[in-house]
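# Fold and geometry: a report
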Amino acid sequence: MPQKPRSDAQDNRDRILEAARALFSADGLDVPMREIARRAGVGPATLYRHFPAKRTLIAEAFEERLNACRAIVDEGCADPDPWRGLCLVIEKICELHARDRGFTEAFLSTLPGAPDVAGRAYTVKAVAALARRAQDAGRLRPDFVLDDLLLVLMANKGIHAASTAARVAASRRFAALALQAFETCPHHAPLPPAARPAPAAPAGP
């Protein structure tokens, strides 16, 4: 049977989510709701009818990234070698965050009344257990704490480059350097290729 055409309301919702993902990824979570409505080609009233609060829009916009983050953590935790699993988690999460600035902000910030937007609670609990296993195996330095991983993500967020590909390349090298610092007896494997970061854009008046 032919598919039932989507309603105008569903079309509007899809355009709002597409616009929000693009703007959050490029500019972070401070993008005004009016700008999202303008990009989506709808009026502010239509936007607020679908998403009465910005936190609900953020949660739905990042659902795909959330699923990817959970899949990375599950893959790392399933590795019988906890150090190798932890390396995979840090490398892939840094890359995921390098591709989407808004997702990083959602992960690192706490929005009043928001759900667990970026799956932070799940990720932190799972990575903490994986880190304890890596410490027990003697591969992760014993003074490592989860705040160290949050510091890595905060620093990773500060990487600026001329393109997404260059930002991801710089993020891979940064993650490799961080992992060498975390390892009990680093073997200093070759680093990924260097990428020239770009200076941060000057703040507006």
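Up top you'll find the structure we're talking about.
Residues numbered from 1 in each chain as written. Predicted model: local features only at pLDDT ≥ 70, side-chain atom pairs only at ≥ 80, totals over all residues. Heavy atoms only, no water.

## Describing the packing of helix 6 (residues 82–99) against helix 10 (residues 164–182)
- As a packed pair, helix 6 and helix 10 sit with axes 9 Å apart at the nearest point and diverge in direction by 150°. Accordingly, the angle class assigned to the pair helix 6 and helix 10 is roughly antiparallel. Helix 10 is crossed by helix 6, and the crossing has right-handed handedness. In this structure, helix 6 contributes W83, C87, I90, E91, C94, E95, A98 and R99 to the contact, and helix 10 contributes T164, R167, V168, S171, R172, A175, L179 and F182. (Axes fitted to C-alpha atoms, helices over the stretch in contact; angles between N-to-C directions. Helix = DSSP H or I, 4+ residues; strand = E, 2+ residues; numbered from the N terminus. Parallel < 35°, antiparallel > 145°, perpendicular 65-115°, else oblique. Left-handed = near helix turned anticlockwise from the far one by under 90°. Contact = heavy atoms within 4.5 Å.)

## Thoughts on the side chain of N156
- Along the chain, the position of N156 falls in helix 9 (residues 146–157).
- Classification of N156 as buried rests on a relative accessible area of 3%.
- A polar atom in the side chain of N156 sits 3.0 Å from the backbone oxygen of C94.
- Among the polar contacts listed, one links the side chain of N156 to the side chain of S171, at a separation of 2.7 Å.
- Apart from the residues lying within four places of it in its own chain, the contact partners of N156 are C94, H97, A98, S171 and F174. (Buried < 20%, exposed > 50% of the residue type's maximum accessible area, 1.4 Å probe, protein only. Polar contact = N/O pair within 3.5 Å; in protein donor to acceptor, adjacent residues only side chain to side chain.)

## A word on the packing of aromatic side chains
- Taken as a whole and judged by the stated rule, the model has 3 aromatic pairs.
- Note on F144 and F182: the rings are 4.9 Å apart at their centroids and 70° apart in plane angle, and the pair reads as edge-to-face. Of this pair, F144 sits in the loop between helix 8 (120–136) and helix 9 while F182 sits in helix 10, placing them 38 residues apart in sequence.
- A relative accessible area of 6% places F144 in the buried class.
- Overall, F182 belongs to the buried group, its relative accessible area being 9%.
- Ring pairing ties together the aromatic residues F24, F62 and F103, which thus form one cluster.
- Across the ring face of Y122, the terminal group of R70 is positioned such that the distance to the ring centre comes to 5.7 Å. (Phe/Tyr/Trp six-rings, centres within 6.5 Å; stacked < 30°, edge-to-face > 60°. Lys NZ or Arg CZ within 6 Å of the ring centre and 35° of its normal.)

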